[in-house]
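Okay, here's what each chain looks like letter by letter:
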Amino acid sequence: NSCEELVVTEMVFEGILNEMEPPEIVAALSALLWEQRSDEEMDTEVPESLISCCDRMRQIAINLGQLQKQHGLDVDPQDYAATVLKFGLVHVVYEWALGVPFSNICELTEAQEGSIVRCITRLDELCREVRNCARVVGNPTLYRKMEGASACIKRDIVFAASLYVS
């Protein structure tokens, strides 16, 4: 509901998220929610497992684009993948999930602070949706990991009830 559902569904059924730690999961999922097109791509300062996951996500998106094209839609698979996946905040979200202060993660990108906050709050909603999906399909491992993923981003100024009160 909050991003490209086909890519997330394929990730769940292929078990990609099962192999990752919660900070890596939210970082990878941020590529589905980040809306700004920029020259920033994924930083190499993230774990190899996260880079591998993002490569797998790109391949899923390309495959979905090819399927759409085969079924008569005017879709270029490469353009489709570039449209639904934007890796500009992967490193930022990964560092946030590890507990790095907000002021420090803002130095990792040229994105505006409000855009970062919006992406992270939307990530929490996506974590709930994937967690519920895991419950429905009977995947308790993914369910627990998604709870952990949500917990590792829900802190500090991003989830303050009011920025005027905090």
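Our structure's up above, just so we're on the same page.
Residues numbered from 1 in each chain as written. Predicted model: local features only at pLDDT ≥ 70, side-chain atom pairs only at ≥ 80, totals over all residues. Heavy atoms only, no water.

What about the packing of helix α1 (residues 5-14) against helix α3 (residues 48-70)?
The geometry of a pair of packed helices is captured by two quantities: the angle between their axes and the separation between those axes.
Thinking step 1. Orientation of α1 relative to α3, taken along the N-to-C sense of each, is 120 degrees, at an axis distance of 10 Å. Here α1 is positioned oblique relative to α3, judged by the angle of their axes. Viewed along their axes, α1 and α3 form a crossing whose handedness is right-handed. Judged by residue contacts, Leu-6, Val-7, Glu-10, Met-11 and Glu-14 of α1 engage Cys-53, Arg-56, Met-57, Ile-60, Ala-61, Leu-64 and Gln-68 from α3.
Thinking step 2. Across the contact of α1 with α3, the residue classes tally to 8 nonpolar, 1 polar and 3 charged. (Axes fitted to C-alpha atoms, helices over the stretch in contact; angles between N-to-C directions. Helix = DSSP H or I, 4+ residues; strand = E, 2+ residues; numbered from the N terminus. Parallel < 35°, antiparallel > 145°, perpendicular 65-115°, else oblique. Left-handed = near helix turned anticlockwise from the far one by under 90°. Contact = heavy atoms within 4.5 Å. Nonpolar A, V, L, I, M, F, W, Y, C, P; charged D, E, K, R; others polar.)

Re the packing of aromatic side chains
Where two aromatic rings form a pair, the distance of their centres and the angle of their planes describe that pair.
Thinking step 1. Under the criterion given, the structure shown has 1 aromatic pair.
Thinking step 2. When the ring of Trp-96 is compared with that of Phe-102, the centres are 5.9 Å apart and the planes differ by 90 degrees; the resulting orientation is edge-to-face.
Thinking step 3. The class for Trp-96 is buried, based on a relative accessible area of 0%.
Thinking step 4. Assessed through its relative accessible area of 12%, Phe-102 is described here as buried. (Phe/Tyr/Trp six-rings, centres within 6.5 Å; stacked < 30°, edge-to-face > 60°. Buried < 20%, exposed > 50% of the residue type's maximum accessible area, 1.4 Å probe, protein only.)

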